[in-house]
Structure formats: C-alpha cells, structure tokens
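Each chain, written out:
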Amino acid sequence: MLQANEILNYGSNFNLHADDRHPAFKKIITRNPRMGQIFKIIGKVAVSNGTVLVTGESGTGKELIAQAIHEISGVPGAFVPVNCGAIPENLLESELFGYEKGAFTGAANSKLGRFVLADNGTIFLDEIGDMPLQLQVKLLRFLQEKTVEPVGGVKSKTVSVRIIAATNKDLKELVKIGKFREDLYYRLNVVPIDLPNLKERQDDIEVLVQYFSEKFAKEYSRRPLVFSPDALWVMRYYSWPGNIRELGSLIENLSILTDSDAVYANDLPEHINSTTPRSLSSQIECVMTKLPDNGVDFNDLVDSFENNLIIQALERTSWNKKAAAKLLNLNRTTLVEKIKKKGLEVKKDPEDELLN
Ligand SMILES: Nc1ncnc2c1ncn2[C@@H]1O[C@H](COP(=O)(O)OP(=O)(O)OP(=O)(O)O)[C@@H](O)[C@H]1O
Ligand SMILES: [Mg+2]
C-alpha cells in the first residue's frame, strides 16, 4: 500500500503525489516534464465533465490520453471512439445520431447513434478537423442542447456525454480558411491538451525503448532487446515523423527479426542511422569496446562526449542549469563555463537573469 504522502518519481523531473497516480497513468510512459504538466491537467479535467481538445502530430498518443481521461473519470458509461475522417460523409450523421427505421433506403431497422451509446460515458471524436461543415452545425447544436435527434426521427433524447475531440491538424488555420466553424472551435477548445512530438521528447526515448522492448518480448516470447549506447544516441537524434507509433513499430520489427538480444546503431534501418552525426556515435561505440588500431583524436572525442552529456542534461531539465549541473554532479558555475566555452547555449534558462 502506498502512503498518501508518498511521492512517486516518474524519472528525474516531475513528481506526482501517489493520490494522483491512477493506474491509467501507468500506460503513458514518459519522464518528460511537459508530459508531467499534461498529467496534472488530465488529473484535473478527468474529475470534471469538461470538453477536451487533444492536439498533436500523428502517433503522439492522442487516443491514449483520451482513454486515460475516460478511465480516470470513473464514469459508468463506455468510451466510444468515432473517426470523423474515416466514415463517409453521408454516413457520419447517422453514425453519430442514429436513425429510425425507414429513415432512408436501406434503413430496415432503427439504429442507436454513438452519442447514445456513449451516454454516461465519453465520446472520442477523432480527426475532428475532417468533420464536414454541415455536420459541424449539428455537433454544435448537440453541444449546446445535449439532445440527440436520430435521422428520420421526431423524438429527441437527452444524453450525458463527455466530449473529447482530437486532431493532428491546425484547427485555427482551418477556421481561417473557412473549413472549420469558429464557434465550434471555441466550444471544443475548453481544455486544450497539446501533445509534444517525440522529437521534442528526446528524454523519453530511453524509457519508451525499454517499455516497447519488454512489451514485444512478451508478445513474441523472446528476451527483451537491449540497445547499445550508440543505438540510443542515434534514436535520440532521429526526427520520428511517425512519433511513438513509429518507435513502437520499429521495436516490434526488431523484436521479430533480430536473433541477438543486443541492438547496435548498425542494426537500425539506414534512414534512421544516417541522420545522426555518425562519426561521433560510431567512435564512442568503438572506443568503448576497444581503442582502434589507428588511434583516435582524444580531444575531439572527449569534447563531443562532454557535449552530448551536457545537452542531454540540459534537455532533461528544460535548460535549467542548476538542475542540469546537479544531474552531472558539477558546480553550476563549472557547467556555465563549459556551456559558454563550447557555445552550447541554444535555449535560455529563465533563472539566468536572477542568478547572473
Ligand atoms: N507515452 C506513451 N507510452 C506508451 N505508449 C504510447 C505512448 N504514446 C503513444 N503510445 C502508443 O503509440 C501508438 C500511437 O498512439 P495513439 O494512437 O494514441 O496516437 P494518436 O496521436 O491518436 O495518432 P493518430 O493521430 O495517428 O491517430 C499507440 O499504440 C499507443 O498506445
Ligand atoms: Mg488517433
């Protein structure tokens, strides 16, 4: 049993009180501080009935977040997903609102709509940016009145559903070009959750790699893959356009195809491997195993190794030099000098102005 005041550590940067740690959070693997902030929002919005708009690139975990909100809220109804982009325009209205027998040719029986199926639960309107304008008007009316009128029906039914909408599109941009209603946008955007893409979450690579390796080891009855430091280095620098879904698929692929338990940078697909400053990663890998016959440039290599550690520490601490120095067991002033000398200052540390 956890003590109420026990603090659970999700990696180096953010803590949640045990009380806030619902099992649903465990499914979202992260140690990233921005995700930590999002956890706090999820905890608060889950216990309200507020409408949520989840945005983020494809594969960043929008549906996972929506499911977590639903689970944490503890509502008795179902989680009902609707992919507004995948259902043909002429069917979407009857999918959402249902229809009565004889409402149109082929409607031999009446059918409940997804809003009714989600009564006392959550409806997840995925790809909301693809919803046709005509239907946007009807959704807006539903949001205002909370009543559903099936196609071809006369009786309306009141339902209680939480709305979570998601999109990988820029809704504001769609509003500007007339593809998304402004009034609906504001009605949905009550609690916005914008998920960072994986490229902005380099500090999550290692935990996600480990998570997926263990997951697929179980699924394919094998030992979990272990990634070498240079493979992790390469993965940290890759851009991951498909985000976490892409990372998961890569590790699934390797779990199926790799005979050995160890994965080195060279075992990764060329398009991933070639995007990294290869010289450094392969040199570090080499030196860690054996000093090459033709030797190394000691200063260059040590310098790059230091840069790598410093940048990792800064990224993990959102560029807070005090916290980064602590992570490296250095004095803050030593770290500041190194950053200056090496020209590594890319982002500003808000504490600088107070301390310098
Ligand atoms: N933080 C995470 N920890 C573990 N698994 C994750 C995490 N984020 C995403 N995933 C997994 O990655 C995959 C993609 O996530 P999800 O389907 O939620 O993304 P999405 O943002 O809805 O993508 P799309 O826009 O393409 O629909 C899923 O299998 C999900 O379980
Ligand atoms: Mg999705």
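This write-up is about the structure you can find in this document. (Residues numbered from 1 in each chain as written. Chains lettered and ligands numbered in written order. Predicted model: local features only at pLDDT ≥ 70, side-chain atom pairs only at ≥ 80, totals over all residues. Heavy atoms only, no water.)

This next bit is on unusual backbone geometry. With phi around 50 degrees, Trp 240 is a residue other than glycine that occupies positive phi space. One can find Trp 240 in the loop between helix H10 (229–237) and helix H11 (243–257). At Asn 243, a residue that is not glycine, the phi angle is positive and equals roughly 50 degrees. Along the chain, Asn 243 turns up in helix H11. Residue classification places Asn 243 among the buried positions, given a relative accessible area of 0%. (Helix = DSSP H or I, 4+ residues; strand = E, 2+ residues; numbered from the N terminus. Buried < 20%, exposed > 50% of the residue type's maximum accessible area, 1.4 Å probe, protein only.)

The next point concerns empty space enclosed by the protein. All chains considered together, the criterion is met by one cavity of 30 Å³ or more. A volume near 60 Å³ is recorded for the largest cavity. Every residue along the wall of the largest cavity is listed here: Gln 202, Asp 203, Arg 236, Gln 312, Glu 315 and Arg 316. The greatest single-element share of the lining of the largest cavity, amounting to three residues, is contributed by helix H14 (residues 298–316). Of the residues assigned to the lining of the largest cavity, the class counts are no nonpolar, two polar and four charged. (1 Å grid on protein atoms, 1.4 Å probe; cavity = no way out; pocket = protein on both sides within 12 Å on 5 of 7 lines; lining within 4 Å. Points joined across faces, edges and corners; volume = space filled by probe spheres on them. Nonpolar A, V, L, I, M, F, W, Y, C, P; charged D, E, K, R; others polar.)

On to the nonpolar core, then. Core analysis: the largest hydrophobic core is formed by 32 residues, its most contacted members being Leu 96, Phe 115, Leu 125, Ile 128 and Phe 180. If you list the elements that add at least two residues to this core, you get strand S4 (79–83), helix H4 (89–97), helix H5 (114–117), strand S7 (121–126), helix H6 (133–145), strand S10 (161–167), helix H7 (171–176) and helix H8 (182–188). Broken down by element, the residue count for this core peaks at five residues, all from H6. Excluding its chain neighbours within four sequence positions, the residues that come into contact with Leu 125 are Val 82, Cys 84, Leu 96, Leu 139, Ile 163, Ile 164, Ala 165 and Ala 166. (Core = buried A, V, L, I, M, F, W, Y, C linked by side-chain atoms within 4.5 Å. Contact = heavy atoms within 4.5 Å.)

Turning our eyes to something else, we now look at the layout of surface pockets. By volume, the largest pocket amounts to about 640 Å³. Lining the largest pocket are 28 residues, and of these Gly 59, Gly 61, Leu 64, Ile 244 and Arg 245 sit closest to its centre. Split by residue class, the lining of the largest pocket holds 12 nonpolar, seven polar and nine charged. When we break the lining of the largest pocket down by domain, the ones giving at least three residues each are domain 1 (7–196) and domain 2 (199–355). (Domains from an automatic or database assignment.)

Right, let's talk about the packing of helix H2 (residues 33–46) against helix H3 (residues 62–73) for a bit. Two elements in contact, H2 and H3, have axes separated by 8 Å at closest approach and are oriented at 40 degrees. Taken together, H2 and H3 sit at an angle that is classed as oblique. Both H2 and H3 take part in a crossing whose hand is right-handed. The segment H2 lies against H3, with Met 35, Ile 42, Val 45 and Ala 46 engaging Ile 65, Ile 69, Ile 72 and Ser 73. By residue class, the composition of the contact of H2 with H3 is seven nonpolar, one polar and no charged. (Axes fitted to C-alpha atoms, helices over the stretch in contact; angles between N-to-C directions. Parallel < 35°, antiparallel > 145°, perpendicular 65-115°, else oblique. Left-handed = near helix turned anticlockwise from the far one by under 90°.)

It is worth spelling out the site of ligand 1 at this point. Inspection of the region around ligand 1 gives 17 residues, with Ile 29, Ser 58, Gly 59, Lys 62 and Arg 245 positioned closest. The separation between an oxygen atom of ligand 1 and a polar main-chain atom of Thr 60 is 3.3 Å. At 3.1 Å, a backbone N or O of Gly 61 approaches an oxygen atom of ligand 1. Taken by itself ligand 1 offers 640 Å² of open surface, and the protein chains cover 82% of this. Judged by the fraction of its atoms near the pocket grid, ligand 1 is located in the largest pocket. At the level of secondary structure, the elements contributing two or more residues to the shell around ligand 1 comprise H3, helix H9 (205–219) and H11. Sorting elements by how many residues they give to the shell around ligand 1 places H3 first, with three residues. Residue-level mapping places the shell around ligand 1 at the junction of two domains, with at least three residues from each of domain 1 (7–196) and domain 2 (199–355). (Near = heavy atom within 4 Å. Polar contact = N/O pair within 3.5 Å; in protein donor to acceptor, adjacent residues only side chain to side chain. Areas by Shrake-Rupley, 256 points an atom, 1.4 Å probe, with all protein chains shown as cover. Sits in = over half its atoms within 2 Å of the grid points.)

Across the seven residues of S10, seven count as buried, placing the element largely inside the fold. The alternating pattern of S10 places Val 161, Ile 163, Ala 165 and Thr 167 and Arg 162, Ile 164 and Ala 166 on opposite faces, both of which are buried. The pairing of strand S3 (residues 52–55) with S10 spans four bridges and is classified as parallel. When the sheet's bridge partners are listed, Val 54 is paired in S10 with Ala 166. Taken together, the five bridges between S7 and S10 define a ladder with parallel strand orientation. Within S10, the residue paired with Leu 125 across the bridge is Ala 165. (Pairing = 2+ DSSP bridges.)

On to the pattern of salt bridges, then. Under the defined criterion, the tally for this structure stands at 13 salt bridges. Glu 206 is the partner of Arg 236 in a salt bridge, and the nearest nitrogen-oxygen pair spans 3.5 Å. Of this pair, Arg 236 sits in helix H10 while Glu 206 sits in helix H9, placing them 30 residues apart in sequence. Here Arg 236 falls in the buried class, since its relative accessible area comes to 11%. Glu 206 gets classed as partly exposed once you look at its relative accessible area, which sits at 34%. Put simply, Glu 95, Lys 111 and Arg 114 are held in one network by salt bridges that share partners. (Salt bridge = Lys/Arg side-chain N within 4 Å of Asp/Glu carboxyl O.)

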